[in-house]
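Chain residues, written in single-letter form:
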Amino acid sequence: MKISITRTAERHGEVYFSSAYGEGKGQWLGASPYVLGEEYEAEFELPELFIKWVDLVPVPGQPLAISMEAGKNVLTGTLEDIEEDGTAYLRLGESLIMFECLGEPMAIGGTVELTAGILRIYPAAY
């Protein structure tokens, strides 16, 4: 996903970013320092364990988006798959974001909202 670093955040290594889907905050984990205003091809990592129907909820008809609510990132995308071990995939445009989840079954292919306290950002190396 293409993002631009817009400003530094309160904690060391955290940045605010903008994308075609909205704005968020994450921990920059690139090998080299970021440059404010520069555009990067980035990958996101969600290290938390999410609970279906609590942190991951259906939101039919909502557009793809990245936003912030109460200091947390809210990612709205398509739930691509959930494997038996709880590994799940959220599609946000051309990006596929992997995460781990627990809980009752959930329909695949619908629009969902995922609320994440921690978002790690890696510059893509392709």
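Described below are features of the structure shown in this document. Just so we're clear, the structure is a prediction, and the values are computed from it rather than from any experiment.

## Details of the pattern of salt bridges
Here is step 1: Inspection of the entire model under this criterion finds four salt bridges.
Here is step 2: The shortest N-O distance in the salt bridge between E14 and K25 comes to 4.0 Å. A residue pair is termed long-range when its members are at least 10 positions apart, and E14 in strand 2 (residues 14–19) and K25 in strand 3 (residues 22–28) qualify at eleven residues. In this structure, E14 and K25 share a single accessibility class: buried.
Here is step 3: Two residues, R120 and E45, come together in a salt bridge whose shortest N-O distance is 3.8 Å. Highlighted residues: R120 in strand 12 (residues 120–123) and E45 in strand 4 (residues 39–45), separated in sequence by 75 residues.
Here is step 4: Residue R120 is classed as partly exposed on the basis of its relative accessible area of 27%.
Here is step 5: The partly exposed category is assigned to E45, whose relative accessible area is 29%.
Here is step 6: Residues participating in the shared-partner salt-bridge network are E10, E14 and K25.

## Quick look at the packing of aromatic side chains
Here is step 1: Applying the stated criterion to the full structure yields four aromatic pairs.
Here is step 2: When the ring of W28 is compared with that of Y34, the centres are 6.0 Å apart and the planes differ by 75°; the resulting orientation is edge-to-face.
Here is step 3: On the basis of relative accessibility, which here comes to 10%, the residue W28 falls in the buried class.
Here is step 4: Through pairs of rings, three or more aromatic residues link up here, namely W28, Y34 and Y40.

## Let's talk about the environment of E45
Here is step 1: Remark: the alpha-carbon pair of E45 and I97, spanning 52 residues in sequence, is separated by 6.8 Å.
Here is step 2: Setting aside chain neighbours within four positions, we find E45 in contact with I118, L119, R120 and Y122.
Here is step 3: Engagement of the side chain of E45 in a polar contact is seen with the side chain of Y122, the distance being 2.8 Å.

## Quick word on a nonpolar patch on the surface
Here is step 1: Together, L49, I51, V54 and L102 make up a nonpolar patch on the protein surface, roughly 350 Å² of accessible area in all.
Here is step 2: Inspection of the secondary structure assignment puts L49 in strand 5 (residues 49–51).
Here is step 3: Of the residues examined, L49 reaches a relative accessible area of 48% and is grouped as partly exposed.

## What to know about unusual backbone geometry
Only a minority of non-glycine residues have a phi that is not negative, and only a minority of peptide bonds are not trans.
Here is step 1: For W53, which is not a glycine, the phi torsion comes out positive at approximately 75°.
Here is step 2: Structurally, W53 can be placed in the loop between strand 5 and strand 6 (56–58).
Here is step 3: Positive phi, close to 50°, is recorded for A70, a residue that is not glycine.
Here is step 4: Examined against the element boundaries, A70 turns out to sit in the loop between strand 7 (65–69) and strand 8 (72–82).

Calculation rules
- Residues numbered from 1 in each chain as written.
- Predicted model: local features only at pLDDT ≥ 70, side-chain atom pairs only at ≥ 80, totals over all residues.
- Heavy atoms only, no water.
- Salt bridge = Lys/Arg side-chain N within 4 Å of Asp/Glu carboxyl O.
- Helix = DSSP H or I, 4+ residues; strand = E, 2+ residues; numbered from the N terminus.
- Buried < 20%, exposed > 50% of the residue type's maximum accessible area, 1.4 Å probe, protein only.
- Phe/Tyr/Trp six-rings, centres within 6.5 Å; stacked < 30°, edge-to-face > 60°.
- Contact = heavy atoms within 4.5 Å.
- Polar contact = N/O pair within 3.5 Å; in protein donor to acceptor, adjacent residues only side chain to side chain.
- Patch = residues over 30% accessible without salt bridge, like charges linked within 9 Å, V, L, I, M, F, W, Y side chains within 5 Å.
- Areas by Shrake-Rupley, 256 points an atom, 1.4 Å probe, with all protein chains shown as cover.

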